[in-house]
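Below are the chains, spelled out letter by letter.
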Amino acid sequence: MTGAKAIVASLEQEGVTTVFGYPGAAICPVYDCLSDSPICHILVRQEQNAGHAAAAYGRISGRPGVCIATSGPGALNLLTALATAYMDSVPLVAITGQVPSDQLGRDVFQEADITGAAEPFTKHSFLVKDAADIPRIMKEAFYLAGTGRPGPVLIDVPLDVQKKELDFAYPDSVSIRGYHPSTRANPLQLRRVAEAIAAARRPVICAGGGVFSAGARPQMQSFAERCGIPVVTTMMGLGLMPSSHPLYLGMLGSFGCSAANYAIHHSDLLILIGTRAGDRAMRQPGVLERRTRIIHIDIDPAEIRKNMEANIPLVADARLVLEELCETCQATDTGMWLAELREKQGSGAPFSDRPAFVNPHRLIAALTQALDSDAVYVADVGLNQIWSARSSRIKEGRFLTSGGMGTMGYALPAAMGARLATTARQVVAVMGDGGFQMSMQELATLCQHDIPVKMVVLRNDCLGLVRQIQKQDYAERYEAVDLAGSPDFAALAQVYGIRAMTISDNDEIDEAVQALLAGEKSFLLQCLVSPDEPAV
């Protein structure tokens, strides 16, 4: 078969059923073979959105999502999505077309060194030089993307390689020299962890997105319950514990909850699981290092001690570690500690009223209370992300957002990918008017492929978070944050044939949420929010 056919056959061997992409001349052989495959191709309206959709598909399914683009600008448009997936440790395989091999390096039409450009934020990249290598490369790409610390892998395939013939045989196994991710915990270190937990009186678990990557959500909850240890999460860890769980204190960090931050700074044992302890979560790691004993559990050894010292480092798969800890650890005497923390838990974000505007905290609280228990909530980046993190009430579903890279325009394409990967009935994308306008062309994709997504646009007619920074730090010298000229987003959705409505008062919230969630079709709810509504 041809190299292009081998690529499609390899996708089928990997169990891929859905891919996201945008064709071009340099990838046409692959698209021609896709037409004979049962794999469903979702045509996005811009390549970056194919990457976000595939990444969200991977986050929900637990298997690498797949996106496809052509050479040059098509491949380059994937870079932001690759960086977003890399920062959040998301399994993703990106396949790009490339100019013919004999024209590489000659600056021909639509040539770009995509493997070089993407090197800083891919787990690995391949430039295919021989069609016979395609089965092995495809097998290795999926293995690399989905094992160890997950991440994006790029496969760049010149046009002539796609057309060459090979004898296809898909490998049964993978052997990559130098790549042997640790999964089992060192028994000595595991014993030290158990002893530290037994001796602690004010322990706290800080869990991040790596717990989701490891498929360790139930194990982490069981571990916390068995030992009676309170839990805080990073933004990427939101949803690991139901918001109503008695041991859950909320999100920590600069925009986090007071009880979560109090717990971190007054603990005698901090257990980091699947988190890099970045600057948004831990503003003063040095202070913690001096007065708190720290356990850091992560599958990536590069993360251990990168941002914070660890007294007991443990490089292993979080799910396997937590399973062993559930067997060896006993309940600790944390009654007084938990009572102290409950006193610090407030009522949440302020539900202030501003005439002619919707309070976003009221809206998000009402929305998430009305969602099914397994619903997927996708937040964009900006004020809407902070409001969502503070006021959403996640039950058993998932909370998706762009954490490490903070990529505006993420929510709508990610919601598309999540909707195609989940069995949940409801997927909601919550966006600001700035982020929505970065990907609103994907309304057409929703309609073309009949992908039902519930959309909320929190409209304050400005780049709200940047405006707030300018207000606080730059003497209210507002520059380049006014989004005047934006359309009526409800009317825009209706042009696409999507039902929509607009609200501008808190009294309309309950009725609007009911209308948003009714039925099985896409719906857009535009909410007018004050430009002076603060982050917290």
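Each value, and the rule that gives it
Residues numbered from 1 in each chain as written. Predicted model: local features only at pLDDT ≥ 70, side-chain atom pairs only at ≥ 80, totals over all residues. Heavy atoms only, no water. Pairing = 2+ DSSP bridges. Helix = DSSP H or I, 4+ residues; strand = E, 2+ residues; numbered from the N terminus. Axes fitted to C-alpha atoms, helices over the stretch in contact; angles between N-to-C directions. Parallel < 35°, antiparallel > 145°, perpendicular 65-115°, else oblique. Left-handed = near helix turned anticlockwise from the far one by under 90°. Contact = heavy atoms within 4.5 Å. Core = buried A, V, L, I, M, F, W, Y, C linked by side-chain atoms within 4.5 Å. Buried < 20%, exposed > 50% of the residue type's maximum accessible area, 1.4 Å probe, protein only. Phe/Tyr/Trp six-rings, centres within 6.5 Å; stacked < 30°, edge-to-face > 60°. Lys NZ or Arg CZ within 6 Å of the ring centre and 35° of its normal.

Our focus in this paragraph is the sheet that holds strand S1 (residues 18-21). Pairing is parallel across the open sheet formed by six strands, whose spatial order is S2-S1-S3-S4-S6-S5. Strand pairing shows two members of the sheet lacking a second neighbour, strand S2 (40-43) and strand S5 (124-127), which therefore form its edges. Mean inter-strand twist for the sheet, computed between neighbouring axes without regard to direction, equals 20 degrees. Two strands pair when backbone bridges link them, and S1 and strand S3 (residues 65-69) are joined in this way by two bridges, in the parallel orientation.

On to the packing of helix H16 (residues 360-370) against helix H23 (residues 509-517). The contact between H16 and H23 brings their axes to 10 Å, and the two run at 45 degrees. Accordingly, the angle class assigned to the pair H16 and H23 is oblique. H23 is crossed by H16, and the crossing has right-handed handedness. When H16 is examined against H23, the residues Arg-362, Leu-363, Ala-366, Leu-367 and Ala-370 are found in contact with a partner set consisting of Ile-509, Asp-510, Val-513, Leu-516 and Leu-517.

Moving on: the nonpolar core. Within the largest apolar cluster, 72 residues are counted, with the highest numbers of intra-cluster contacts made by Phe-223, Ile-271 and Leu-367. The contact partners of Leu-367, leaving out residues within four places of it in the chain, are Tyr-377, Val-428, Val-430, Val-456, Val-513, Leu-516 and Leu-517. By size, the runner-up hydrophobic cluster in this structure holds 49 residues, among which are Cys-67, Leu-154, Ala-429 and Ile-451.

With a phi close to 70 degrees, Ala-356 is a non-glycine residue in the positive phi region. With respect to the helices and strands, Ala-356 occurs in the loop between helix H15 (335-344) and H16. Here the phi dihedral of Asp-450 falls at roughly 50 degrees; this positive angle occurs in a residue that is not glycine. Summarising the element assignment, Asp-450 is placed in the loop between helix H20 (443-448) and strand S16 (454-459).

Right, let's talk about the sheet that holds strand S13 (residues 376-379) for a bit. Here we have six strands laid out as an open sheet, ordered S14-S13-S15-S16-S18-S17, and parallel in their pairing. The open sheet is flanked by strand S14 (398-400) and strand S17 (499-503), the only strands paired with a single partner. Between one strand axis and the next, the sheet turns by 15 degrees as a mean value, whatever way the strands run. The sheet contact formed by S17 and strand S18 (residues 523-528) spans five bridges and is parallel.

Let's shift gears to the packing of aromatic side chains. What the rule picks out here adds up to five aromatic pairs. Ring centres of Tyr-143 and Tyr-179 lie 5.8 Å apart, and the angle between their planes is 85 degrees; this geometry places the pair in the edge-to-face category. Of this pair, Tyr-143 sits in helix H7 (residues 134-146) while Tyr-179 sits in the loop between helix H8 (159-163) and helix H9 (187-199); the two residues are 36 residues apart in sequence, bridging distant segments of the chain. Considering the side-chain rings of Phe-168 and Tyr-170, the 6.2 Å spacing of their centres and the 20 degrees angle between planes classify their relative orientation as stacked. We classify Tyr-170 as buried; its relative accessible area is 13%. When the ring centre of Phe-212 is taken as reference, the NZ or CZ atom of Arg-398 above it lies at 3.9 Å.

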